[in-house]
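Structure at a glance
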Amino acid sequence: MSIALITRHLNEPFLDEFVEYYLREGIDRIFILQDKDGSYNLPFHEKVSVMVSNQFSSGQMKDVNALYQQIRFSFKWFLFLDCDEFMSTVNEKKNKTLKEIIQGDYDSVDCIAVPWVMMSCNGREDTPPSLLQYNVHRWNHDLKHPHPTNWHKGRCRYDKIEIKCIFKGSSFGKITIHYPGSFIGNCTAVNSVNNKGFAINPFFEGLHEKEIEEARILCFHYRIMSKEACETKYKSSKLDGYKKSNVDDLWATDYPEIQEEFMKNKSIQYFGVKMDV
């Protein structure tokens, strides 16, 4: 099989939408590491494997890499994404699925570095029925966004922004949060904006509106889904860096500066309209 996706699920809503979306994008198998205290019941699907994790409170990548070692040579390509990260082909490549562009345009490389685009919920209080169809604003990446309290997770992304990677299992011995590690041989990496060579690290430098308009693949990051979701995540999260006191810090990064309906329209095309009730 050609492409696998690994994700970790603690208490984020929209896991079903996440899974449905990536199956439509051609992912061959999705592996979900779910917290042992999680209560989210995902409908059975033959292409989805759900495993219980006991390591959410410490060493959060241990279980990911243990799983990766088991399946590393069963798939050609891997994605490691959080449940609020939605990769998509865009602009001139928008009519291709992720599988089509990976197999058709990037088969000769080992790693594709895909930058985030920061999405916004525009002050929404309640969690909507669809993340993609109702959160239709994002940051203006031509602007600087200094955080009012200098909270590190809410830092300005004007100079550099995080990436997520699509990579070959045969070329990398482990996974870190934003990129693969333990290179095997001479690995070739490119970024998904202009296909230039990329020295593998957690950041893409200088993602602004011009680069967004030129990109082949982007990773839309829905960090703020709603005020309700923010409070749930930060009051019950077991991960390092997530504290109850950070809810207001997270909420301060809700910058609805540009209306962005690309993913909304793609979701409607895939699933039809999901009505608010």
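Refer to the structure presented above.
Owing to the predicted nature of the structure, the values given are computational and were not obtained by experimental measurement.

1. Observations regarding unusual backbone geometry
Non-glycine residue Phe 14 carries a positive phi angle of around 70°. Topologically, Phe 14 is positioned in the loop between strand E1 (3–9) and helix H1 (15–24). Phi is positive for Asn 122, close to 55°, though the residue is something other than glycine. Within the fold, Asn 122 resides in the loop between strand E6 (111–120) and helix H4 (131–134). Exposure remark for Asn 122: the relative accessible area of 43% places this residue in the partly exposed category.

2. Digging into the packing of aromatic side chains
In total, this model carries 17 aromatic pairs according to the counting rule given. Between the aromatic rings of Tyr 21 and Tyr 270, the centroid separation amounts to 6.1 Å while the plane-to-plane angle is 45°, which identifies the pairing as tilted. Separated by 249 residues along the polypeptide, Tyr 21 in helix H1 and Tyr 270 in helix H8 (residues 262–271) bring together distant segments of the chain. Ring geometry for Phe 31 against Phe 75: centres 5.9 Å apart, planes inclined by 85°, an arrangement best described as edge-to-face. Of this pair, Phe 31 sits in strand E2 (residues 29–35) while Phe 75 sits in the loop between helix H2 (62–71) and strand E4 (77–80), and the two are 44 residues apart along the sequence. For Phe 31, a relative accessible area of 6% translates into the label buried. Given the relative accessible area of 7%, Phe 75 is considered buried. Ring pairing ties together the aromatic residues Phe 18, Tyr 21, Tyr 22, Phe 86, Tyr 222, Tyr 270 and Phe 271, which thus form one cluster.

3. With respect to the environment of Asn 194
Here Asn 194 is to be found in the loop between strand E11 (189–191) and strand E12 (203–205). Between the alpha carbons of Asn 194 and Thr 232 there is a distance of 38 Å; along the sequence they are 38 residues apart. Among the polar contacts listed, one links the side chain of Asn 194 to the backbone nitrogen of Lys 196, at a separation of 3.0 Å.

4. A few points about the pattern of salt bridges
As enumerated under the stated definition, the model contains 13 salt bridges in all. Residue Glu 260 pairs with Arg 138 through a salt bridge whose shortest N-O separation is 2.9 Å. Of this pair, Glu 260 sits in the loop between strand E14 (258–259) and H8 while Arg 138 is found in strand E7 (residues 137–138), placing the two residues 122 residues apart along the sequence. This pair shows no difference in class: Glu 260 is buried, exactly as Arg 138 is. What emerges from the salt-bridge pattern is a single network uniting Asp 82, Glu 85 and Lys 164.

About the cut-offs
Residues numbered from 1 in each chain as written. Predicted model: local features only at pLDDT ≥ 70, side-chain atom pairs only at ≥ 80, totals over all residues. Heavy atoms only, no water. Helix = DSSP H or I, 4+ residues; strand = E, 2+ residues; numbered from the N terminus. Buried < 20%, exposed > 50% of the residue type's maximum accessible area, 1.4 Å probe, protein only. Phe/Tyr/Trp six-rings, centres within 6.5 Å; stacked < 30°, edge-to-face > 60°. Polar contact = N/O pair within 3.5 Å; in protein donor to acceptor, adjacent residues only side chain to side chain. Salt bridge = Lys/Arg side-chain N within 4 Å of Asp/Glu carboxyl O.

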